[in-house]
Amino acid sequence: MRRSGPRAFWLSFFLTLAILMPLLGAFVFYSAWQERAFAPAAQAQSGVPVQRPTAANDLTVLVAVAAEEPAFLLMRLNAIDAAVTLCPVPAESVLLGPGGAVLLADSYASAGPARAAQLLGGTLNISIDRYLAITPGSLGQVWGGLEAPRVNLTGLLEQSELERLGLSESPVLSLAPEEATAFIASLDLPVAREARLRGAVWQAAFRQQLEELPTALPAGLRSVSGSLLTDLSAADLYDLADTLAWLVKEDAGVAAETVPGRYDKESRRYDFAQDSIAFATRLFPAAQGAPASPAPSSSAVSDPLEPEAAVSPPTRP
């Protein structure tokens, strides 16, 4: 019996190994396979989302640069089509309001950017998601350390105008954002040409610095939030960063357009027409469920609308 004891032990030991080793090997193989399978998914979740965006990622904003003479721009970030559309709107544009026609600048001055965006959207039959009123100084702070846009003025200014500016030999101008509004106003250009020049400046800024904007623009807006009049929320700024990052990834095109209209020097009005509405709805999402708006009539412009309740900048964390 003493001789059979060790034999029984070793026999039992090796039988146990024969059973456990395949199981242990299978477990190790399965663990290694899982690690390889889930590593790409973990990497894809870090950084910019790779899924294709939806209409919820698009954003149309009315930007008002609150200078001595305010300047207005419709900006659309179109994530689905990978495009940025910049559309300067003359301050003299005639809008349709409940009390009659009113100029865009007068609506903004008396009732703020929220009412201006509402009336502009209703007149052009488009949906404007957000509004942003910002001073030239704050605009410069938002731009921060980014390089000033370089604008080629060829075709935007006449030769005599370039000569007066000392740019006849080299018509490329570096224009800091905080200086652009005053510079354009100082040229005293016809309304349509002024709008084209304003659009070219914004287009140059977005084209030349698009790769930096996903980080710089939301951070810059947060840094000057106390001086803004806007309905952009903290969540909107995070979405803005994601949308801009997608546009960079897709090498988005940046286009500047101007809503067509007719300017009357005597009345200092920029009147939209039916083709203006068709043009606007081609560039921007149409207002939901709204019929095509008639063009503003040629009757006298009414007094500005009564101001809305004061709108304060949103509280941000």
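1. Focus on the overall build of the chain
Line of reasoning, step 1. If you tally the helices and strands in the chain, you get 9 helices and 12 strands.
Line of reasoning, step 2. Going through the 317 residues of the chain one by one, you find that 44% of them count as buried.
Line of reasoning, step 3. At a minimum sequence separation of 6, the contacts of the chain that also span at least 24 residues come to 68%.
Line of reasoning, step 4. Carbon and sulfur atoms make up 56% of the accessible area of the chain, which amounts to about 17,200 Å² in all.

2. What about the packing of aromatic side chains?
For any pair of aromatic rings, the description consists of the separation of the ring centres together with the inter-plane angle of the planes.
Line of reasoning, step 1. This structure, assessed with the given rule, holds 2 aromatic pairs.
Line of reasoning, step 2. Ring centres 5.4 Å apart and planes at 80° place the aromatic pair F72 and Y108 in the edge-to-face group. Remark: Y108 occurs in helix α2 (residues 104-124) and F72 occurs in strand β2 (residues 71-78); sequence separation between them is 36 residues.
Line of reasoning, step 3. For Y108, a relative accessible area of 15% corresponds to the buried category.
Line of reasoning, step 4. Note on Y270 and F272: the rings are 6.0 Å apart at their centroids and 90° apart in plane angle, and the pair reads as edge-to-face. Of the two residues, Y270 and F272, neither departs from the other in class, the shared state being buried.

3. Structural notes on empty space enclosed by the protein
If a probe as big as a water molecule is rolled over the atoms, it shows which places are left empty.
Line of reasoning, step 1. Taken as a whole and judged by the stated rule, the model has 1 cavity of 30 Å³ or more.
Line of reasoning, step 2. The volume enclosed by the largest cavity comes to roughly 350 Å³.
Line of reasoning, step 3. Mapped by element, the contributors of at least two residues to the lining of the largest cavity are β1 (59-65), β2, β6 (130-134), α3 (136-143), α5 (177-186), α6 (191-209) and α7 (213-223).
Line of reasoning, step 4. Ranked by residue count, the leading element in the lining of the largest cavity is α6, at 5 residues.
Line of reasoning, step 5. Per-class residue counts for the lining of the largest cavity are 24 nonpolar, 1 polar and 1 charged.

4. Quick look at the sheet that holds β1
Line of reasoning, step 1. Taking strand neighbours across the sheet as the criterion, the 6 strands line up as β9-β6-β1-β2-β3-β10 in an open arrangement whose pairing is mixed. Every other strand in the sheet has two partners, leaving β9 (229-230) and β10 (253-256) as the edge strands with one partner each.
Line of reasoning, step 2. Relative to β9, β6 is paired through 2 bridges, and the arrangement is antiparallel. When the sheet's bridge partners are listed, A133 is paired in β9 with L229.

5. Brief notes about helix α8 (residues 234-249)
Line of reasoning, step 1. For α8, built from 16 residues, the straight-helix expectation of 22 Å at 1.5 Å per residue is met to within 8% by its first-to-last C-alpha distance of 23 Å.
Line of reasoning, step 2. Residues A234, D236, L237, L240, A241, T243, L244, A245, W246 and L247 constitute the buried set of α8.
Line of reasoning, step 3. Those residues of α8 that are buried lie in contact with β1, β2, β3 (83-89), β6 and α7.
Line of reasoning, step 4. D251 occupies a position one or two residues after α8 and carries a positive phi of about 55°.

6. Some words on the pattern of salt bridges
Line of reasoning, step 1. Summed over the entire model, instances satisfying the criterion amount to 9 salt bridges.
Line of reasoning, step 2. The salt bridge involving D271 is made with R262; its shortest N-O contact spans 3.9 Å.
Line of reasoning, step 3. A residue is classified by how much of its surface remains accessible, and R262, at 55% relative accessible area, is exposed.

7. Remarks on α2
Line of reasoning, step 1. Between its first and last C-alpha atoms α2 spans 12 Å; for 21 residues at 1.5 Å apiece the expected length is 30 Å, and the helix comes up short by more than 12%.
Line of reasoning, step 2. Of all the bends in α2, the greatest reaches close to 135° and is centred on A111; the proline P113 follows between one and four positions later.
Line of reasoning, step 3. For α2, the tally of buried residues reaches 16 of 21 residues, placing the bulk of the element in the interior.

8. Focus: the layout of surface pockets
Line of reasoning, step 1. The space that makes up the largest pocket amounts to roughly 620 Å³.
Line of reasoning, step 2. Lining of the largest pocket is provided by 24 residues; of these, E92, L189, V191, E194 and R268 occupy positions nearest its centre.
Line of reasoning, step 3. Elements supplying a minimum of two residues to the lining of the largest pocket: β2, β3, α2, α5 and α6.
Line of reasoning, step 4. Ranked by the residues each element gives to the lining of the largest pocket, the list is headed by α6, at 4 residues.
Line of reasoning, step 5. Tallied by class, residues from the lining of the largest pocket come to 15 nonpolar, 1 polar and 8 charged.

Basis of the calculations
Residues numbered from 1 in each chain as written. Predicted model: local features only at pLDDT ≥ 70, side-chain atom pairs only at ≥ 80, totals over all residues. Heavy atoms only, no water. Helix = DSSP H or I, 4+ residues; strand = E, 2+ residues; numbered from the N terminus. Buried < 20%, exposed > 50% of the residue type's maximum accessible area, 1.4 Å probe, protein only. Contact = heavy atoms within 4.5 Å. Areas by Shrake-Rupley, 256 points an atom, 1.4 Å probe, with all protein chains shown as cover. Phe/Tyr/Trp six-rings, centres within 6.5 Å; stacked < 30°, edge-to-face > 60°. 1 Å grid on protein atoms, 1.4 Å probe; cavity = no way out; pocket = protein on both sides within 12 Å on 5 of 7 lines; lining within 4 Å. Points joined across faces, edges and corners; volume = space filled by probe spheres on them. Nonpolar A, V, L, I, M, F, W, Y, C, P; charged D, E, K, R; others polar. Pairing = 2+ DSSP bridges. Expected span 1.5 Å × (residues − 1). Salt bridge = Lys/Arg side-chain N within 4 Å of Asp/Glu carboxyl O. Bend = angle between axes of the 7 residues up to and from the residue.

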